[in-house]
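Next come the chains, spelled out residue by residue.
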Amino acid sequence: MKDTCTILLYLCNWGPHSAFHTLQDQAADIPDEIKVVRVPCAGRINRALLLKAFELGADGVVLAGCRPGACRYGSGTETSERNIEDTREILSLLGLGRERLRFETFLPDEHDCLLAFLRQFTAEIRALGKTPVSAYQPAAAAGEPLTEIVRRHDVFACQDCGKCTSACPLSLTGKSFSPRSLASSIIAGDTDSPAVKDAIASCLTCGMCDERCPSAVRFSEFVRDLRTFLDYRGDSGSAQAHAGFFQTLQRTLAAPQLVPRRWDWLPPDIAVDQQSPTLYWGGCASFFDFFFRHFLKVQTRDILADSLRLLNFFDMRPALLSDERCCGHDLLWSGDRDSFLRLARLNVEAFRARGIRQVVTSCPECYWTFKHDYPAFGIETGVQVTHLYELLEGEIGKGKIAFKKLGRTMTFQDSCRLSRFAGRPDLPRGLMARLQQDTFTEMQDHGRASICCGNSAWTGCDAYSKALQVKRLEQARKTGSDLLVTSCPKCQIHLKCAMEDPFREDAIKMDMMDLTGVLVRTIGWE
Amino acid sequence: MAVLQPEARRNTFLEAARGLTADQAAREAERCLQCGICSQCLQCAGACAQIGAITHSEPSREIMENAGVVIIADPAAARRIAGEDVIRAYDTKSAGSDTLSLMVRGFAAAARAMMILGGKPQRPRGHSVSFSPPGPALSPEIRVGVFVCRCNDSLGWLEEMTGAINALSTVDGVVHAESITAACIDEGAAAILRTIREKGITRAVLASCACCSLNFVCSSCTDQRSRLKNALFSGTGVSRSMVEMCNLRGEVLRLVRMHPERALDCFKELIDSSIKRALMLKPLPAPARNYNFTTAVIGSSEAAVHSAQVLAQMGYEVFWFNPEAGREGVEHPSIHCFRDVQVTGVRGMLGDFQVLFQQAGTDQFIQAGAVIVSRKAAERIKYIHQKELPGRDISSAMQQAGRVGIPFMYPGTTSVAGLYIADPDGIKVSDRERGAAAAALAAASMPRGPRSSRGFSVVVDEGICRGCGRCSTYCPYQAISFKRNSAGGWVASADDALCKGCGNCISVCPSNAADSPFRNHAFLERVLEEALLQPAGSGTGMTA
């Protein structure tokens, strides 16, 4: 690792670039730490590129734009401020600290200001010290050969019946995507044609085809391993939504020296017991709320608070990992298996170090990943993994609980990881059934046959997954319900994203609430 | 300057003039405007000894240029010249006070000049398709030429750099590598062009002080930088798409004197990465599009009426929409009046507008290339950016310090290219001059050459776009419109004649459907890796 700090400077073409040019022309003493990337407008730099610099080991990042009112394009100042503020909040949760990222504005003639700022910021970063994150450069490991992937998943057993394609919600939107033909192409050894690459990236891994395959091929996991195959080949990433922000975030969380600060926001009414052998694992919802606050305005962090309130209701005080990382689900399913394994080892190590015996989580993805994928990849967690619903069902079943009326009519969006992968569509429904029965209506496709929320692992989001989401929201509206209840924070994010549509908004808009939110608002003692 | 008083210097030989204090001297030095008036120090001749461009004893010469009209913009210049064809683009009373008003006065002067010259050159009429002659396409064959400008050795040069350039001839694909004393002078650019032609170079790396090859002059592009680009790309047959430029002067040469070792490291990295980027160059698209040469003038304010008259006298055709019945008409054979009509909106864009109106209860529209609207009419009618979505206000707000969200615009222009306001608010010149200025803007927007993509426009991937509409909300130039896709939804597309390449839409796009072909997301990620993962010792290199 280098001893000196590195500061990445995104330099807007207009004001700051002129000022910087003047400094260069004057052969001014610009600090050696500064590395420059010139951009057309500060507003061009999205949050993924801001965070990417930190993932690659930058100690500080500066976005230099034009003075408010002087942006050539008008919108650059606001866009930059928004992107910077969101990313700073996320850096704060990551434990890297807001102060490592700055947005500063300059006029073309303010080269003195620019130089003074660069010197001062460099001094501040030197004082903060080096980042605990350093770019992970994997040893050149050979991935599993394609033939081995095909053999392990027994894809040869495919009878070419086409049930997978006829059930695939993505194929049904009209996209030229077919699990069956992808399987044949791979068996034939084709991983290079654009159609095959597109298909590997597009699969939602929702598992509908797994349900239907008479030969018991788990196509979703097959696609996951094909993504890993491509990733090892250095041939992935272009299909990642939000410009790969979440993959970058999770890879950053896999840095061993990093000490995240995930629970600083915890409301004071919630009681926890750090000595408890039962851990509540929150998942990434708190990141999502900062990332999506301007456009989608989701509040998925409430799921975490409400889950803890429900546990408190039953006098359970779990421990929390203040430096909780990430289960690694999205990295695994978007092809970065190395980073997934790094995270998994760090997590298990953290469980062991704190004497954790049971992990309770409300996130279907975290649940399935801990329970199934860790052991499947040879990582024994050493803990009992419990979904919050299982725990609540047991407690409520002991009696003396009554639910108040919420005053809403509800329908339910299944999560693929809980309802199909873990095979527990009954868990949320059991809880829903304890609420007033007459207020609940199922959608046309539900339970194990439920349609996906439109995305998994931030991969393959496109015009067709949008069409699928619109179809799903129309189904939800058709039930006549006024509240769409969800059990996964990502279902909320993705469906809310689909509602952002200037042309069809009125036809697909619907209120959403997580099941924990419904429960916490209605639960009471008899 | 302080002077020693006679009382104190009596009977001594002390110097009477005490000189400046250090503070005073510094203050005086700061007053220097660097106006370049020669003080005969002869330093320039020394600095430029290499090519000897400066002849100190050169006598003054008289140069004669012929012009039909003279516009005088500086009150102090040519006071005694007068005549019908001498236009003074200032008003002595308010001159120098308000930049925006001065600009409008300048536009109006241009309009008068065009009127005086009107009819002589044939103005384009009617409509046509403007297309780019097929540009020098990017050849599939890779023959890289590397040209390194020594910037006249003004910041120094290292012999090792010459060695590094010579060593490039062994690099795969490189057919030529040389250093040039100065690329921005005529001889330098001509030598580069000659070599490109003689050696059949299909990808060129130019390391000088200019940072990009695009037809895009940002506030960093000084005279030298744009002069070099003009010399290389104007009518030479060398396409912008085949040249990769990097700012050698700023990134390397500035380090030569103080940190020669780092300068050499940076030099090698910069040339190396530029060659790699040259191999990834892509052709710049050149679309054909409809073009209408008529201007629609909507409204009956003094300024609007005058703009119609001025355009007609310049030789352009005008459709005049007079929403107020009874207002005196404007008589000119080139002005076609639409009376008793109700204009409801404006759609389309520069060269291809549709003015929507109602006449006797029927909805109609007429095509125009540019549109001038009176302020009063602009308050009433909407710019319909997308038929299915609510119309947008037509406004001409000017940037001011501290107020965000307004793009840079000339007074009278709006965020829609080709749509002007005849009498913009807050401009302290007469209505007639404001109208003339609007006419000049409309006339100037008519194409003289083909409109083509300038390379940095955003492209939206139709298969990925989800039709969320964010890009359209954030685009300051209304460059984004929507059409139906095969999945039953809507997809955005960016018009490369309107997109100015700021990329704000890219940073709000949730699914990465929007990206700029020139320096796209993958490119920026790679640049980050180069900048952050390279061994210590590299300098501020890797400027993208």
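Just so it is clear, the structure is predicted and the values come from calculations on it, not from any experiment. Numbering of residues begins from 1 in every chain and follows the order in which that chain's sequence is written. All chains are assigned letters beginning at A, and all ligands numbers beginning at 1, according to the order in which they are written. The predicted origin of the model limits local features to residues at a pLDDT of at least 70 and limits the giving and counting of side-chain atom pairs to 80 or more, whereas totals for whole chains, interfaces and linings rest on all residues. Only hydrogens and water are removed before side-chain values are computed, so all heavy atoms of the structure are retained for them.

Asks: Can you break down the overall build of chain B residue by residue, with the values?
Replies: The helix and strand inventory of chain B stands at 15 helices and 21 strands. Only protein chains enter the accessibility calculation, which uses a 1.4 Å probe; a residue is then buried when its area is under 20% of its type maximum, exposed when over 50%, and partly exposed in between. Taking all 544 residues of chain B together, the buried fraction comes to 49%. Taking the intrachain contacts of chain B between residues at least 6 apart in sequence as the baseline, contacts between residues at least 24 apart amount to 65%. Accessibility throughout is a Shrake-Rupley quantity obtained with a 1.4 Å probe, and a residue counts as covered only by protein chains that appear here. Summing over all exposed atoms, chain B offers an accessible surface of approximately 26,700 Å²; the carbon and sulfur share of this is 52%. To qualify as a helix, a DSSP run of H or I must reach at least 4 residues; to qualify as a strand, a run of E must reach at least 2; elements of each kind are numbered from the N terminus. Contacts were defined at the residue level, with two residues in contact if any of their heavy atoms lie within 4.5 Å.

Asks: Summarise empty space enclosed by the protein; cite the residues concerned and give the values.
Replies: Here a cavity is any set of points on a 1 Å grid over the protein atoms alone where a 1.4 Å probe fits but cannot get out, and a pocket is any open set with protein on both sides within 12 Å along at least 5 of 7 lines; a residue lines the site when it has an atom within 4 Å of a point. Grid points are joined across faces, edges and corners, and a volume is the space filled by probe spheres set on the points. Counted under the stated rule, the structure contains 18 cavities of 30 Å³ or more. Within this model, the largest cavity holds a volume of roughly 230 Å³. Together, 19 residues line the largest cavity, and A:Asn13, A:Pro40, B:Phe456, B:Phe518 and B:Arg519 are the ones closest to its centre. Per-class residue counts for the lining of the largest cavity are twelve nonpolar, four polar and three charged. Volume-wise, the second largest cavity comes out at about 170 Å³. Lining the second largest cavity are 17 residues, with A:Cys158, A:Cys164, A:Cys213, A:Val217 and A:Phe219 positioned closest to its centre. For this classification, Asp, Glu, Lys and Arg are treated as charged, while Ala, Val, Leu, Ile, Met, Phe, Trp, Tyr, Cys and Pro are nonpolar and the rest, including Gly, are polar.

Asks: Which residues make up the interface of chain B and chain A, and what values do they have?
Replies: Across the contact, 81 residues belong to chain B and 73 residues belong to chain A. Accessible-area loss on putting two parts together, using a 1.4 Å probe and summing over both, is the definition of buried area adopted here. The junction of chain B with chain A conceals about 6,300 Å² of combined surface from both sides, 54% of it contributed by carbon and sulfur atoms. Here a salt bridge means any side-chain nitrogen of Lys or Arg lying within 4 Å of a carboxyl oxygen belonging to Asp or Glu. Counting the contacts that link chain B with chain A gives five salt bridges. Close ionic contact of A:Asp25 with B:Arg249 constitutes a salt bridge, the shortest N to O distance being 3.0 Å. Definition of a polar contact: a pair of N or O atoms within 3.5 Å, with one able to donate and the other able to accept a hydrogen when the atoms are protein atoms, and with sequence-neighbouring residues admitted only if both atoms are side-chain atoms. Where chain B touches chain A, the interface holds 30 residue pairs in polar contact (both at pLDDT 80 or more).

Asks: Describe in detail helix H8 (residues 194-202) of chain A, supporting the description with residues and values.
Replies: Those residues of H8(A) that sit buried are A:Val196, A:Ala199, A:Ile200, A:Ala201 and A:Ser202. Buried residues belonging to H8(A) abut helix H7 (179-187) and helix H10 (219-232) of chain A.

Asks: Describe in detail the sheet that holds strand S14 (residues 362-368) of chain B, supporting the description with residues and values.
Replies: Residues and elements named next belong to chain B. Here four strands make up an open sheet; going across it, the order is S14-S13-S12-S16 and the pairing mixed. Edge positions in the sheet fall to S14 and strand S16 (382-384), since each has one partner strand and no second. Sheet twist, expressed as the mean angle between neighbouring strand axes with direction ignored, is 30 degrees. At least two bridges found by DSSP between two strands are what make those strands a pair. Bridging between strand S13 (residues 352-359) and S14 involves seven bridges; their strand directions are antiparallel. Each residue of the ladder has a partner; that of Gln 354, found in S14, is Gln 367. Working convention: axes come from line fits to C-alpha atoms, limited for helices to the stretch in contact. Angles between N-to-C directions cover 0 to 180 degrees.

Asks: Quick one: what's the story with a nonpolar patch on the surface, residue by residue and with numbers?
Replies: Residue and element names in this part refer to chain B. Patch rule: a residue counts if its relative accessible area is over 30% and it has no salt bridge; like charges are joined within 9 Å, and nonpolar side chains (Val, Leu, Ile, Met, Phe, Trp, Tyr) within 5 Å. Together, Ile 142, Leu 279 and Met 280 make up a nonpolar patch on the protein surface, roughly 240 Å² of accessible area in all. Mapped onto the fold, Leu 279 is located in helix H9 (residues 260-279). Classification of Leu 279 as partly exposed rests on a relative accessible area of 41%.

Asks: Can you lay out the side chain of B:Ser472 for me, pointing to particular residues and giving the numbers?
Replies: Residue and element names in this part refer to chain B. For Ser 472, the position within the fold is in helix H13 (residues 470-474). You can call Ser 472 buried: its relative accessible area is 4%. Those residues within four positions of Ser 472 in sequence are excluded, and the remaining contacts are His 385, Arg 392, Ile 480 and Phe 482.

Asks: Summarise the sheet that holds strand S6 (residues 358-361) of chain A; cite the residues concerned and give the values.
Replies: Residue and element names in this part refer to chain A. Here three strands make up an open sheet; going across it, the order is S5-S6-S7 and the pairing parallel. Unpaired on one side and paired on the other, strand S5 (278-281) and strand S7 (384-387) mark the two borders of the sheet. Averaged over all pairs of adjacent strands, the angle between their axes in this sheet comes to 25 degrees, without regard to strand direction. Relative to S6, S5 runs parallel, the two being bridged by four bridges.

Asks: Quick rundown of unusual backbone geometry? Include the residues and the values.
Replies: Residue and element names in this part refer to chain A. One non-glycine residue, Asp 154, adopts positive backbone phi at about 50 degrees. Of the residues examined, Asp 154 reaches a relative accessible area of 40% and is grouped as partly exposed. If you check the backbone angles, His 242 has positive phi at about 50 degrees while not being a glycine. Structurally, the position occupied by His 242 is in the loop between H10 and helix H11 (245-253). Note on His 242: relative accessible area 12%, which makes it buried.

From the geometry alone we can't say anything about function, so treat these as descriptive.
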